Each structure stands twice: as C-alpha cells, then as structure tokens.
Amino acid sequence: MDLLAGLNDKQKEAVLHIDGPCIVLAGAGSGKTGVLTKRIAHLVDKGIEPNNILAITFTNKAAGEMRNRLNDMLPNFAGSWIQTFHAACFKILRMDIDKLGYDKNFTIIDDNEAKNLIKAILKEENDYETKPEYIHYIFKNAKNSLENYESYFANLSEPLEEKNKYFSLFNTYNFRLKELNVVDFEDLIVLCIKLFENFPNVLEKYQNWFKYIMIDEYQDTNYAQYMWAKLLASKDGNIFIVGDPDQSIYSWRGAEPYNINRFLKDYPNCKVIKLEKNYRSTQTILTAANSVIKHNESFIEKNLYTDKGEGEKIVRFCAGDSFHEAAFVADTISELAAKTNREFREFAVFYRTHAQSRAIEESLFRKNIPYNIVGAHKFYERKEIKDIIAYLRLAINNNDKLSFERIINVPRRGIGDKTVEKIENYANEKNLTVLEALEYVEDIPALGKKVTGKLQEFYGMINYFAKLAEDDAAVAEIIDEVLNMSGYIQDLKDSGQPDAQTKLENLQELKSLSLEFADEEENTLEDFLARVALVQDIDDVDNDNTVVLMTYHGAKGLEFPIVFMTGMEEGVFPSYRSDSVEDIEEERRLCYVGITRAMEQLFLTNAESRLLYGYERSNQPSRFLEEIPEDLLSTYTRHGKPIVKAVVGIRVFHKKFGAGLITDIIEDGEIAIIDFDQAGERMLRLDLAPLEKLI
DNA sequence: GCCACAATGATTTTT
DNA sequence: TCATTGTGGC
C-alpha cells in the first residue's frame, strides 16, 4: 500500500522522517493521527522492529485508535508499546519495581483514593483545617516537579509552619502508600524515572529497546513526563513529538506547554514541521479560530487553512437567560435535523461547567431529542463498580487497607468502624496484613461472637477469590463469584433503590468487559486491575444516534458537523476564576479547541442572565465573541423579534417567566395561555405582557 | 451502628 | 440552588 497517498507535502515530510529529533506542530484537524500511524508503518517498512518503537499517547482511546489503524495497515503488526505514559510505566515497573524495594504485585490507586488516604491521615492527626484537595494538589505537583522534596516544600510560598506541616503529611502519605503496597498516578512516572536514574543498566536496557520514541499531545506533558521521555531518548536521540501549544488546556493539572521550548533547546538541530492545512472545518470556522487565538501571546504562529470553501456563517445567538439559551439549542437542533435530514449524532453541545448541562438537558428532553452526556459519570467511578474492584484488589493485595475498609461492611455485615479499628490495631501490633489478621480473628480482643463469625466468613471468601486468581481462573469467573458470594447482587435486588436496576446493568457491563479482556495477551487479574485503574472510562464507541453534550475540555480530540458553544459569557467562559493573563490565555485556548471541533456549522450562544449558586447573575457577552470578525457572523438576539401575531403553538419569551409555549388564546385574542418551561402555566394579556417571539 | 437533618461550599479532570 | 459531608440522637 502507498503510505503517502493523499498526504500533503508537510505530512509526507513528517511520515518519512526516520532518524534524529523532530517536532511536528500539528494544528487542529491537520491529520496528525494519520501522520503518527503512517510514520510507524513507514519505520516498520524500513525494517525497524515494531517492538523497538515506543509510541506514547495521553488517552487509552488514542492508543487504541492508533493500534487499530496500524493493524489495518500492517496485518501482522505486533508492536505492544503503543501506550499511555502511565501504562508504559506500569509495564516497566512490573518488571523492575522490586529494585526500588516495592513488591511486584503492587496495585495502582487513582486520584480519588489518594484523596481518601489523605483525608484519613488528616483525621488521624486531628487536622480539620487543612483541605485535602489542596494538599493532594500540592503533593502531585511535588512529585511531578522531580525536585528534592525537602526543598520543594521549603520553597512553597506559605508560612513556615504550614510548609513543615505539609512536608510531614507528604512523608506520611508516601510511607502509607508503600506500606499498602500501592502507587499513585504520579508514582508510576516518578518511580520509573527513579529506576532509570538509580540503575543505569535498566535505563540502558530500555534505551536499546525503544530505539524510536514518539510522543503525542506533547503540549500536555508535565515536567516528569518530559524528563522520562528525555531519559529514554538520550542515547539515540530518535524522538518524534507531536503537539499544538494552542490546544494546551490542562496546565492547571500540571501540564507544561513550555516543554515544547525545552525540547527545542534540548535538540537545537531538530526538524520542525508545521501542519497548518486543516481537513475538518470550513474556512469560516478556521478564520474565527485563527482570529481568536491571535489574541494570545505566542512564540509559534500558526494559521489554519482549508480548501473546503467558506461554508455557512457562524450563528451568534444572544439569549435572555439560560433556559432561553437551552430552548434555542433544542429548537435549532430539531429544526435542522428535520430540514437537512441530519442525524442527532451530528450535533454536539459544549458548556464550560457540568452545572450548565441541566437546562440544556431539560430542553432536549422536552423536544424528545435523544442525548448523551459525556464524562459526567465515569464508569469506573461508579460506586458499585468500585466496590467490586475493591474485592478483587484485596484478593490480590492483602494489605490494601483502602479496599478492605471500603468493602468489609458492603453489603452490610454488621461490621462498623470500631471493629475495623480493632482489626487494624491488631494487624499493626503483630505486623500482619489486615487480611492475615482475620486469620487470627479469635485472638483479637473485644470482638463479639457474631462479628467474629462474620469476619471468618469474610476471610474465607477473600482467600477463595485469591486462590481462584492464583489458579489463573478467568477474570469474568472471579467477578461472578464475587458478585454472588459477597451477596452484593442479592443486596442490590433487595434494596429497593430506584437505581438498583442500572447498577445491576453496570455490574453486568463490568463482567462483559472482563470477558473481552480474556482475549488480551496479559490477562491475569493483576493486569485487569491495572487496566481498570489506568482506564478511567470505557470508551464505548457511542453507536447511539444521539446529540452529544460535554464540557469544552471533554471535546478535545473530537469533531462534529454541527457544534453549539454555549455560555459564551464573561464569568462563565472565560471563567470567573481566571484572572491572570495566563489563566485567560488558557481559557482562550479552550475556546479555540471548541471552535475547531466544528466541521460545518457553528453556533455561539450566550445568556444575558443566568442562575448561579441560587441567584440570578447578569453577564456580559464573552470577550472571545468580540475577537471573531463580525463578517463571519450572523447575529440573532431575542430583541427585535416582536410578536407579529400570537398563535397557538409558537414559542415565546417572557422577561420574567422565560421561554414558553402558547397553548391557547382566549377572549377574542386578548389573553394567551402560555405553558412556561420553568414558571408553569400562566394567563397573560397579550397587549401588556412583555413577550417576544422565539426564533 | 444507623439514620435524619443541618451546614457547607461550589471550574475544567487525558491517567 | 443543590449535592455532598458532618453531627447528634436513637
């Protein structure tokens, strides 16, 4: 097959690049995934072993997509190192973490569990002042910085007392992690680097292994990830990175777009390739995106262009309030879907915060438009899923107190905090894991007979699961045993919770996932647990034909024929929380990401007032709106659309009651009965009521 | 150990 | 406003 077919000159140059450092600045929609995969295919064509190629992505979804495309291109492709940073580090640590004094059957905890551990520590210290979220943030930054921890904490701009407290908490936290035989997300990267630095022969092993390194979404790497890649590439210097500084929207999570500059400094002779031709959007949309992002200070100018032609104008709609805005979105979707024969899945609605989705949901629901919210409730964060995972983790890692505490009384076994405390004290005293302590449950002082029996039962059950795992039973089978033996399913069925059915379905889904997992090369329970920890959400290829709702952040990497950017208001987007120039610039990049998702048509909406934290707030239109040239827009406001003739069935807007539908007109056309979306049914005099017709 | 009510405090979240 | 978290009574 011809790898270069259909590529432009810049893309070809990137695909054909083999040795030495190279940076590809890939604008939105410039075909970067194609370039990455084709470059791998080209390397393989040139006789390079697939296993000598390391390709790093940020999401499992991106990694999976790349693998799929390669499998299509090269049917026998067996490269197993197309991974996220975290998954690659996990694979490395699984082989060598014992050199750092960790047990090889360590498990991974996610951010929530890390926060819970921090909360527990704070509670032990009777510290009710320190905010766990903040501490967690500091801890993450400390690890990602790769600095000496003592000096990192000493350099914090906090009072000395606080700094000392934080440092001491940090040490306790890390001590606990090791004790529990778990690592957090940051540890995966940092421990891997530690391994490389302390054991040069290990580093060399991987350097010889990964002769060709590729990193996607480089603008989103943090300092530790930058250093990790640099270490691995430092022997041969065959590092190929792809990124777009204008799409860096995660600096608040530790991403350092400055890493691109570091890269340019590290490799002054690197090849720089700019991909500016866009294959996604109309020129109108691209011009809008270019104009907005020009307001940011930038060291690399990019200008997206297309040969698709101008396309439709961007529609700008100014709504009275958030309900009006939502009604506009729903009405427009329903109209367009009918008129242009579009499927619902071609529409996407973006908002800055999840709280904004509600009004939009209600409007869509009212219009019978099917929709899906992306990213609000992640599969693996659901309580029922986490519970079952905790059973599995405890079976693998007997010392995982976090999991133990989570499920010892789920479903209810009559074992409360006091009992747990006694068990943990005993375990500490005798230097046993929590599960081992249960073996000697009769020796634990001050436990009732009933409780003892329950604990023995629990002990036997977990051991049985562990035995199954040891005998390499299929993960699905183990999950089945957990669901039944623990009584979890029965308890759900008996509970009478309104969402019990959904939960049961989710558990079924977990089982299905584990069945699929059985086909993987590495399919032990340990591997499954690592997968679960590293995959925050299941990317069920949404085959539903629904409108998609998500935050601007969630939209990154996606594309839709028709996009609604809602809440384009000062204080909402940009957020009232961003005040520094840097903050505003990041919001602007987020706006740029939003605009460039749209393929054919873009709608920008704002509301003159909206409900925030219980009270009404008036917001100015977003500054980003003014940064788009006027001639690209066709603007509609709720003003200037007086009701020419009130008839049953039209939608109207009332200054106080919001949007509603005229359901009847009585008294010779003098009085209308209007069913308001929010305010309910009202009778209003048409000559007096401040009504406007909704478009 | 469990349940009901009050107090709180609230962007964005690839792993 | 509203969902989550903590406290007090049983």
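Small disclaimer: the values here were computed from a predicted structure and weren't measured.

## With respect to the overall build of chain A
Along the backbone of chain A there are 27 helices and 21 strands. Once the C-alpha set of chain A is aligned to its principal axes, its extents read approximately 90 × 70 × 55 Å. Within the span of chain A, comprising 695 residues, buried residues form 54% of the whole. If you take every contact in chain A between residues at least 6 apart in sequence, the share linking residues at least 24 apart comes to 74%. Roughly 31900 Å² of accessible area belongs to chain A as shown, and the carbon and sulfur atoms make up 47% of that amount. Across chain A, 84 positive and 114 negative side-chain charges occur, with their mean positions spaced 2 Å apart.

## Notes on a nonpolar patch on the surface
A surface patch of nonpolar side chains, about 430 Å² in accessible area, is lined by Tyr576, Tyr613 and Tyr615. Judged by its relative accessible area of 40%, Tyr576 is partly exposed.

## Notes on the protein's contact with DNA strand C
Near DNA strand C you find Arg358, Tyr613 and Gly614, and these make up its full shell. Considering DNA strand C, the proportion of its atoms within 4 Å of the protein that are sugar or phosphate atoms stands at 30%. One nitrogen or oxygen atom from the side chain of Arg358 is found 3.5 Å from a phosphate oxygen belonging to DNA strand C.

## Focus: the sheet that holds strand E19 (residues 671-676)
The strand order across the open sheet built from five strands is E20-E19-E18-E17-E21, with neighbouring strands paired in antiparallel fashion. On the outer flanks of this sheet lie strand E20 (680-685) and strand E21 (691-693), each paired with one strand and no other. Between one strand and the next, the sheet's axes are offset by a mean angle of 40°, whatever the strand orientation.

## What to know about the sheet that holds strand E1 (residues 22-26)
If you trace the six strands from one edge of the open sheet to the other, you get E3-E2-E6-E7-E1-E8, paired in parallel fashion. Looking at strand neighbours, the two that pair on one side only are strand E3 (82-84) and strand E8 (271-275), the edges of this open sheet. Each strand axis lies, on average, 15° off the axis of its neighbour in the sheet, ignoring direction. Sheet analysis places strand E6 (residues 212-215) next to strand E7 (residues 239-243), joined by three bridges and oriented parallel. Residue pairing across strands places Ile215 opposite Ile241, the latter belonging to E7. Of the strands in this sheet, strand E2 (53-57) and E3 are in contact with helix H3 (residues 60-73), which crosses E3 at around 175°. Across the sheet, helix H12 (residues 259-266) touches E1, E7 and E8, and the angle it forms with E1 is around 150°.

## Quick word on the pairing of E2
The buried fraction of E2 is high, at five of five residues. Burial of the side chains of E2 extends over both faces: Ile53, Ala55 and Thr57 are buried on one face and Leu54 and Ile56 on the other. Relative to E6, E2 runs parallel, the two sharing four bridges. Looking at the pairing, Ala55 lines up with Met214 of E6. In terms of strand pairing, E2 meets E3 through three bridges, oriented parallel. Counterpart to Ile56 in the pairing with E3 is Gln83. Viewed along the sheet, the connection from E2 through H3 into E3 turns out right-handed.

## Remarks on the layout of surface pockets
Considered as a void within the structure, the second largest pocket measures approximately 1200 Å³ in volume. Lining of the second largest pocket is provided by 37 residues; of these, Asn116, Ala120, Lys401, Leu402 and Glu405 occupy positions nearest its centre. Mapped onto the lining of the second largest pocket, the elements with two or more residues apiece are helix H5 (111-124), helix H8 (160-180), helix H16 (383-396), helix H17 (401-407), helix H18 (417-430) and helix H24 (525-534). In terms of residues, the lining of the second largest pocket owes the most to one element, H5, which gives eight residues.

## As for the protein's contact with DNA strand B
Looking at DNA strand B, there are 31 residues lining it, with Tyr250, Arg253, Arg352, Lys378 and Gly416 nearest. Considering DNA strand B, the proportion of its atoms within 4 Å of the protein that are sugar or phosphate atoms stands at 51%. Separating a sugar or linking oxygen of DNA strand B from a backbone N or O atom of Leu534 is a distance of 3.2 Å. Between DNA strand B and Thr551 there is a distance of 2.7 Å, counted from a phosphate oxygen to a side-chain nitrogen or oxygen. Looking at the surface near DNA strand B element by element, the count peaks at three residues for H18. For the surface near DNA strand B, the per-class residue count stands at eight nonpolar, 13 polar and ten charged.

## Focus: the pattern of salt bridges
Evaluation of the coordinates by the stated rule reveals 38 salt bridges. A salt bridge links Glu325 to Arg610; the nearest nitrogen and oxygen atoms lie 3.1 Å apart. On the criterion of sequence distance, the pair formed by Glu325 in helix H14 (residues 322-339) and Arg610 in strand E14 (residues 598-612) is long-range, its members being 285 residues apart. Like Glu325, the residue Arg610 is buried in the burial classification. Lys383 is the salt-bridge partner of Asp387, the closest N and O atoms lying 2.9 Å from each other. Of this pair, Asp387 and Lys383 both sit in helix H16, separated by four residues, roughly a single helical turn. We classify Asp387 as buried; its relative accessible area is 1%. The exposure class of Lys383 is partly exposed, given its relative accessible area of 46%.

## Observations regarding the packing of aromatic side chains
All told, the structure shown has 33 aromatic pairs when counted by the stated rule. Their ring planes at 80° and their centres at 5.5 Å tell us that Tyr152 and Phe153 sit as a pair that is edge-to-face. Ring centres 5.4 Å apart and planes at 40° place the aromatic pair Phe153 and Phe167 in the tilted group. Highlighted residues: Phe153 in helix H7 (residues 149-154) and Phe167 in helix H8, separated in sequence by 14 residues. Here the basic side chain of Lys91 rests over the ring of Trp81, its NZ or CZ set 4.4 Å away from the ring centre. Looking at Arg253, its charged tip hangs above the ring of Tyr250, at a distance of 5.7 Å from the centre.

## Quick look at the packing of helix H21 (residues 475-485) against helix H23 (residues 500-517)
When two helices pack together, their arrangement is captured by the angle between the axes and the distance separating the axes. Two numbers describe how H21 lies on H23: the axes approach to 8 Å, and their chain directions differ by 155°. In terms of axis orientation, H21 runs roughly antiparallel to H23. Judged by residue contacts, Val475, Ala476, Ile479, Asp480 and Leu483 of H21 engage Leu507, Leu510, Lys511, Ser514, Leu515 and Phe517 from H23. Counted by class, the contact of H21 with H23 contains eight nonpolar, one polar and two charged residues.

The rules behind these values
By convention here, each chain's residues receive numbers from 1 onward along its written sequence. Here the convention is simple: chains get letters from A, ligands get numbers from 1, in the order in which they are written. Only residues with pLDDT of 70 or above have their local features reported here, since the model is predicted, and side-chain atom pairs are shown and tallied only from 80 upward, although totals for entire chains, interfaces and linings are computed over all residues. Side-chain numbers come from the whole structure's heavy atoms, not from hydrogens or water. For helices the rule is a DSSP run of H or I covering at least 4 residues; for strands it is a run of E covering at least 2, with both sets numbered from the N terminus onward. Any residue under 20% of the maximum accessible area for its type is buried, any over 50% is exposed, and the rest in between are partly exposed; the area is computed with a 1.4 Å probe on protein chains only. In this analysis, two residues are considered to be in contact whenever any of their non-hydrogen atoms come within 4.5 Å of each other. Exposure was quantified through the Shrake-Rupley algorithm and a 1.4 Å probe, taking into account, for residues, occlusion by the shown protein chains and nothing else. Counting rule applied: Lys, Arg positive; Asp, Glu negative; His and chain ends not counted. To locate a charge, take NZ of a lysine, CZ of an arginine, CG of an aspartate or CD of a glutamate. Candidate patch residues must exceed 30% relative accessible area and have no salt bridge, after which like charges are joined if within 9 Å and Val, Leu, Ile, Met, Phe, Trp or Tyr side chains if within 5 Å. Salt bridges, as used here, are contacts in which a Lys or Arg side-chain nitrogen is within 4 Å of a carboxyl oxygen on Asp or Glu. Being near a molecule or strand, for a residue, means having at least one of its heavy atoms within 4 Å of it. Here a polar contact is taken to be a pair of N or O atoms separated by no more than 3.5 Å, where protein atoms must pair a possible hydrogen donor with a possible acceptor and residues adjacent in sequence count only if both atoms sit in side chains. Strands pair, by our definition, only if DSSP identifies at least two bridges between them. Throughout, an axis means a line fitted to C-alpha atoms (over the contacting stretch in the case of helices), and angles, computed between N-to-C directions, take values from 0 to 180 degrees. With the strands aimed away from the viewer, a crossover counts as right-handed if its path from the first strand over the helix to the second runs clockwise. Buriedness for pockets is judged along seven lines, at least five of which must meet protein on both sides within 12 Å for an open set on the 1 Å grid over protein atoms alone, while cavities are sets there where a 1.4 Å probe fits but cannot get out, and lining residues have an atom within 4 Å of a point. Grid points are joined across faces, edges and corners, and a volume is the space filled by probe spheres set on the points. Nonpolar residues are Ala, Val, Leu, Ile, Met, Phe, Trp, Tyr, Cys and Pro. Charged residues are Asp, Glu, Lys and Arg, and all others, Gly as well, are polar. Whether two aromatic rings pair depends on their centres lying within 6.5 Å, for rings of Phe, Tyr and Trp, where Trp uses its six-membered ring; planes under 30 degrees apart make the pair stacked, over 60 edge-to-face, and the rest tilted. Note on geometry: a ring has a charge over it if NZ (lysine) or CZ (arginine) is within 6 Å of the ring centre and within 35 degrees of the ring normal. Angles below 35 degrees are treated as roughly parallel, those above 145 as roughly antiparallel, those between 65 and 115 as roughly perpendicular, and all remaining angles as oblique.

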